[in-house]
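Working through the structure, step by step
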Amino acid sequence: MSEMERTLAIIKPDAIARRIAGEILSIIEQNGFRIRAMRMLRLDRAGAEGFYAVHRGKPFFPELVEFMTEGPIIVLALEREDAIKKWREVMGATNPANAAEGTIRKRFGESIQRNCVHGSDAPETARFELGYFFRELDLV
Ligand code: ATP
Ligand code: MG
């Protein structure tokens, strides 16, 4: 049996503004994830730059920070077997144009930037990202 694993998911500002957050939460539950923590907040510039620090210096970084601070986001700690890989499968490829049928980004994503959701990409990243938004005591 594979291990329970946690990953950090974000419902990005584009999805909140378009009022599809509820639909995305529903997809999360339908795909077997347990929501262990959830919070709505608005990142400021430093908060977005810190979260996406690995992308600092890339051409899309300034616009990414602009986008992630344009409105509130919902951050979630998700748990299930193989959560990191499974959540990335449910999200689909970064660019909605390349995402598989039925994935969140294929269904709802508007562009490579405005792609509705985020997911951690490895155990090390998940640890950093979960800790960025949640304290151990917040995880229920
Ligand atoms: P995320 O980290 O948000 O889950 P990802 O791992 O699929 O997405 P990354 O390569 O980590 O993709 O990029 C982080 C985010 O930066 C993307 O989700 C997207 O919003 C934005 N982004 C990535 N590449 C580009 C690009 N070429 N042009 C514009 N925005 C981009
Ligand atoms: Mg990423």
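Above: the structure in question.
Now for a description of the structure that goes with this document. The residue numbers shown here count from 1 along each chain, following its written sequence. To label them, take the chains in the order written and letter them from A, then take the ligands in the order written and number them from 1. Confidence filtering applies because this is a predicted model: local features only for residues at pLDDT of at least 70, side-chain atom pairs given and counted only at 80 or more, and all residues used for totals across whole chains, interfaces and linings. Excluding hydrogens and water, the side-chain figures rest on all heavy atoms present in the structure.

Once that is clear, we can look at the site of ligand 1. Here a residue counts as near a molecule or strand whenever at least one of its heavy atoms sits within 4 Å of it. Around ligand 1, a shell composed of 13 residues is seen, among which Lys12, His55, Thr94, Gln113 and His118 lie nearest. Pairs of N or O atoms are called polar contacts if they sit within 3.5 Å, as long as, within protein, a hydrogen donor faces a hydrogen acceptor (for residues adjacent in sequence, only side-chain-to-side-chain pairs). Taking Tyr52, its side chain carries an N or O atom lying 3.0 Å from an oxygen atom of ligand 1. Notes on ligand 1: free accessible area 570 Å², of which the protein chains cover 81%. Under the grouping applied here, Gly and all other residues not named as nonpolar or charged are polar, the nonpolar ones being Ala, Val, Leu, Ile, Met, Phe, Trp, Tyr, Cys and Pro and the charged ones Asp, Glu, Lys and Arg. Tallied by class, the residues present in the shell around ligand 1 amount to four nonpolar, six polar and three charged. Only the protein chains shown count as cover for residues, and the accessible areas themselves come from Shrake-Rupley with a 1.4 Å probe.

Here we take up the packing of aromatic side chains. Only Phe, Tyr and Trp rings are paired, with Trp represented by its six-membered ring, and only when their centres lie within 6.5 Å; those with planes under 30 degrees apart are stacked, over 60 edge-to-face, the remainder tilted. Within this structure, the stated rule accounts for six aromatic pairs. Where Phe33 meets Trp87, the ring centres are 5.9 Å apart and the plane angle is 85°; that geometry is what we call edge-to-face. Separated by 54 residues along the polypeptide, Phe33 in the loop between helix H2 (21–30) and strand E2 (34–41) and Trp87 in helix H5 (residues 83–91) bring together distant segments of the chain. We note that Phe33, like Trp87, is buried. Within the aromatic cluster, the residues linked to one another by ring pairs are Phe51, Tyr52, Phe128, Tyr132 and Phe133. Two limits define a charge over a ring: the Lys NZ or Arg CZ must be within 6 Å of the ring centre, and within 35 degrees of the ring normal. Positioned above the aromatic ring of Phe33, the side-chain terminus of Arg80 is 5.6 Å from the ring centre. Helical segments are the DSSP runs of H or I of at least four residues, strand segments are the runs of E of at least two, and each set is numbered from the N terminus. Exposure classes here rest on a 1.4 Å probe applied to the protein chains alone. A residue is buried below 20% of its type maximum, exposed above 50%, and partly exposed in between.

A separate point is unusual backbone geometry. You will see that Asp82, though not glycine, has its phi angle at about 55°, which is positive. Summarising the element assignment, Asp82 is placed in the loop between strand E3 (73–81) and H5.

To continue, consider the pattern of salt bridges. Salt bridges are defined by distance alone: a side-chain nitrogen of Lys or Arg within 4 Å of a carboxyl oxygen of Asp or Glu. The full count for this structure, using the stated rule, is 14 salt bridges. Close ionic contact of Glu79 with Arg6 constitutes a salt bridge, the shortest N to O distance being 2.9 Å. Taken together, the positions of Glu79 in strand E3 and Arg6 in strand E1 (residues 4–11) put the pair 73 residues apart, joining distant regions of the chain. A relative accessible area of 27% places Arg6 in the partly exposed class. Ionic pairing is found between Arg18 and Glu110, a salt bridge with its closest N-O pair at 4.0 Å. Of this pair, Arg18 sits in the loop between helix H1 (13–17) and H2 while Glu110 sits in the loop between helix H6 (104–108) and strand E4 (117–119), and the two are 92 residues apart along the sequence.

Glancing now at the environment of Lys106. Positionally, Lys106 belongs in helix H6. Remark: the alpha-carbon pair of Lys106 and Phe67, spanning 39 residues in sequence, is separated by 19 Å. Non-local contacts of Lys106, meaning those with residues more than four positions away in its chain, are made with Pro96, Ala97, Ala99, Ala100 and Glu101. Throughout, a residue-residue contact means that at least one pair of heavy atoms, one from each residue, lies within 4.5 Å.

Sheet architecture is open: four strands sit in the order E2-E3-E1-E4, paired in antiparallel fashion. The open sheet has two edge strands, E2 and E4, and neither has a second partner. Looking at each pair of strands side by side, their axes are set apart by 20° on average, direction ignored. A pair of strands is considered paired only if DSSP assigns at least 2 bridges between the two. Strand direction decides the pairing type here: E1 and E4, joined by three bridges, are antiparallel. When the sheet's bridge partners are listed, Ile11 is paired in E4 with Val117. In this description, a line fitted to the C-alpha atoms serves as the axis of each element, helices being fitted only across the stretch in contact, and the angle between N-to-C directions of two axes falls anywhere from 0 to 180 degrees. Running over the sheet, H5 touches E1, E3 and E4 and is turned about 35° from E1.

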